[in-house]
Number of protein chains: 2
Amino acid sequence: MAYSNAHAPSAPELPESFGHQLNEEGRYSYAYPHGASGQSNQKFGSSGMFPPETHPDIVRSFESADRDRSGFLDESELRQALSFSGYDGISHRTIRVLVFIYKSPADSLLRLGPKEYVELWNCLAQWRAKFDRHDRDKSGTMSSLELRDAFYQLGYMIPSSVLQLIISNFDDGTGKTVDLCFDTFLECGMIVKGLTEKFKEKDPGYTGYATLSYDVFMSMVIPFVASYD
Amino acid sequence: MAYSNAHAPSAPELPESFGHQLNEEGRYSYAYPHGASGQSNQKFGSSGMFPPETHPDIVRSFESADRDRSGFLDESELRQALSFSGYDGISHRTIRVLVFIYKSPADSLLRLGPKEYVELWNCLAQWRAKFDRHDRDKSGTMSSLELRDAFYQLGYMIPSSVLQLIISNFDDGTGKTVDLCFDTFLECGMIVKGLTEKFKEKDPGYTGYATLSYDVFMSMVIPFVASYD
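Here the structure is a predicted model, which is why all the values come from computation and not from measurement.

Novice: Residue-level account of the overall build of chain A, with values.
Specialist: If you tally the helices and strands in chain A, you get 9 helices and 3 strands. Secondary structure elements of chain A, listed N to C terminal, follow the sequence α-α-α-α-α-β-α-α-β-α-β-α. Looking at chain A as a whole, 55% of its 229 residues qualify as buried. Considering only residue pairs separated by 6 or more positions, chain A has 67% of its internal contacts joining residues 24 or more positions apart.

Novice: Explain the UniProt feature "domain: EF-hand" (unreviewed entry) in chain A to me, and be specific about the residues and the numbers.
Specialist: Mapped onto this structure's residue numbering, the UniProt feature "domain: EF-hand" (unreviewed entry) falls at residues 53-88 and 122-157 of chain A. Between the end C-alpha atoms of residues 53-88 of chain A there is a gap of 25 Å, over a span that is 56% helix and 0% strand.

Novice: How would you sum up the packing of aromatic side chains? Please name residues and give values.
Specialist: Residue and element names in this part refer to chain B. Applying the stated criterion across every chain yields a total of 24 aromatic pairs over all chains. With a centroid separation of 5.5 Å and an interplanar angle of 75 degrees, the aromatic rings of F131 and F182 are classed as edge-to-face. Pair noted here: F131 is in helix 5 (residues 114-134) and F182 is in helix 8 (residues 182-201), with a separation of 51 residues, a long-range link. Each of the two residues, F131 as well as F182, counts as buried.

Novice: An account of the confidence of the model for chain A is requested, with residue identities and associated values reported.
Specialist: Across chain A, pLDDT averages 76, with 74% of residues at or above 70. Of the two predicted TM-score estimates for the complex, the pTM is 0.71 and the ipTM is 0.72.

Novice: Tell me about the nonpolar core, and please be specific about residues and values.
Specialist: If you look at the biggest cluster of nonpolar residues, it comprises 114 residues, and the most contacted ones within it are F151(A), F217(A), F151(B) and F217(B). Discounting residues that sit within four places of it in the chain, F151(A) has contacts with W127(A), Y156(A), I158(A), L163(A), I166(A), F185(A), C188(A), G189(A) and V192(A).

Novice: Kindly report on the environment of F84(B), identifying the contributing residues and their values.
Specialist: Residue and element names in this part refer to chain B. Its place among the elements puts F84 in helix 3 (residues 75-84). By relative accessible area, which is 45% here, F84 ends up partly exposed. Remark: the alpha-carbon pair of F84 and R60, spanning 24 residues in sequence, is separated by 8.8 Å. Residues contacting F84, with those up to four places away along its chain left out, are S61, S64 and A65.

Novice: Residues and numbers for the pattern of salt bridges, please.
Specialist: Applying the stated criterion across every chain, the model contains 12 salt bridges over all chains. A salt bridge links K193(A) to E197(A), with the nearest nitrogen and oxygen atoms 3.0 Å apart. With K193(A) and E197(A) both in helix 8 (residues 182-201), this residue pair falls 4 residues apart, about one helical turn. A single burial state applies to K193(A) and to E197(A), both of which are buried. Across the pair R60(B) and D57(B) runs a salt bridge, and its minimum N-O distance is 2.9 Å. Here D57(B) and R60(B) lie together in helix 2 (residues 56-65), a separation of 3 residues that amounts to about one turn.

Novice: Please provide a residue-by-residue account of unusual backbone geometry, values included.
Specialist: Residue and element names in this part refer to chain B. If you check the backbone angles, E53 has positive phi at about 65 degrees while not being a glycine. Residue placement: E53 occurs in the loop between helix 1 (40-44) and helix 2. Its relative accessible area of 83% is what places E53 among the exposed residues. Despite not being glycine, R69 shows a phi value in the positive range, around 50 degrees.

Novice: I'd like a description of the side chain of T54(B), backed by residues and values.
Specialist: Residue and element names in this part refer to chain B. With respect to the helices and strands, T54 occurs in the loop between helix 1 and helix 2. From its side chain, T54 meets the backbone oxygen of P51 in a polar contact 2.5 Å long. With near-sequence residues (within four places) excluded, T54 lies in contact with V59 and V118.

Calculation criteria
- Residues numbered from 1 in each chain as written.
- Chains lettered and ligands numbered in written order.
- Predicted model: local features only at pLDDT ≥ 70, side-chain atom pairs only at ≥ 80, totals over all residues.
- Heavy atoms only, no water.
- Helix = DSSP H or I, 4+ residues; strand = E, 2+ residues; numbered from the N terminus.
- Buried < 20%, exposed > 50% of the residue type's maximum accessible area, 1.4 Å probe, protein only.
- Contact = heavy atoms within 4.5 Å.
- UniProt positions renumbered as here; feature names shortened; annotations may be inferred.
- Phe/Tyr/Trp six-rings, centres within 6.5 Å; stacked < 30°, edge-to-face > 60°.
- pLDDT = per-residue confidence, 0-100.
- Core = buried A, V, L, I, M, F, W, Y, C linked by side-chain atoms within 4.5 Å.
- Salt bridge = Lys/Arg side-chain N within 4 Å of Asp/Glu carboxyl O.
- Polar contact = N/O pair within 3.5 Å; in protein donor to acceptor, adjacent residues only side chain to side chain.

Spelled out as C-alpha cells, the structure:
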C-alpha cells in the first residue's frame, strides 16, 4: 500500500549522526556494530516513563492509542498509534515484527511501553526519511534495487549474497523486480535488523560464528516467518 | 481464504505409511528423521520426466499450466497448476516457499520440473487430507491449536517451545487464536519443514547442533521471511 505524504510525521529532524552505525571492525558484515541499536532496548530499561525531552507528538500518539490506559501498547494499539503519527497501512505482519524487536526483553507480553515506543518511533523516522529520499518520483514506492543503497545508508552492512536473496524475494517470480511500498521496505529492514541481533546474542565474542541447537535456531527464526497477516 | 471442497484433488489415496516419518532417534526433535522427505528431492534427481505411474491428473495439471512448454513450472505456472488440481487461492508467499523447498538443488532458477512437481503434489495431498481431518465442521478453517496434532500426525516432532511460538504467530495480537485456512496451515508447515531441512544440511552428523556463520545463517533464513506477497 502506498504511504500518504499528506500525513508525514511532524516530529523534529533527527541529528545527522543518528543512524550512522557503520561497521568499523570490518571483520564481517553485521548489520549493526556492537554498542549500536542492537542493545538499545537495554539503554532505557523496560517501559516505565517517557524519556526526557520526548517530542509531545510522540507522547500524544501513545496516549491516544492506549485505549485501556494500561501504559502499554498491544499490537492493535500500536497500529493505531503509528497511524496517528502518519504511518498508515502498516501490515499486521510488520507490526508483529516491530513489537517483537522493540518490546522490553524483560516483558513476556508482546507490547511496548513508552520508552520502547520512543525507540521504535525514532527508528521509523529514520526509515521514513530514507525511504522518501529514495522515492524520487514521490510515488510512495521505491525500487527493490534501491534497497541496497538504503540499507547501507542506514548502517546495514549486508553481505551481497544475502542482499541478493532479499531482493529476489521481492520480484514477482518472473525475475522482474517490483516496487516496494514503505511497509514492505520497513518489514524487510526490520527482519534483517531483528535476525542480526538474534544472531549476535549467540555470538557474544563477535567472531562471526554461532553454534546453535535446533530448538534455539527455530526459536530465533520462527517469529520472523509464518505469522497472522 | 477458504478452500472449496468442490474442487478436491482427484488423485488416488496415498498408502497409509506415507507421511509417517516419526523420529525414532529421540535424540532431538527434528521435524523429519534422516532418510525421510528431507532428501526426497535427490530421490528422483532433478526434473526430466514424470516418475513411472504418475497419476494422469497430475501430469495433466502440469502440462496445462506449462504455457511456454519449457518443461518447468515457474511460480505463476505452479499457482495455475495447483489451481487446476483444486488447490485454489494459495498465496504468492506460500508458492514461493513451496518452490524454494521443492526445486531441484541443481537448478539455479526458482522453478519445478515434472519430478519435483510430483513430489510437491504428493506432499500437498497429505497436507490437504490432514487439514480436512481437522476441519471437523468443514468450514475451510482449522483452529491454530489443532496445528500441534496435525504436525505430529504428519511426522513433525516440533519442540513444544517452537510450536508455541508458531501458534502465537497466529493469534490476532490480543492472544485470541484465529482459525487457519489451508493456505496458512500449508505455509506454516512448509516453513517448519524447510527450515528444519536447511538446519540438517549444516548438521550432517545429526548432533542437534550446527555452527553457522552470520552469512550462512542469514542465507538459510531470508528465503522464508520477507517476500513478495
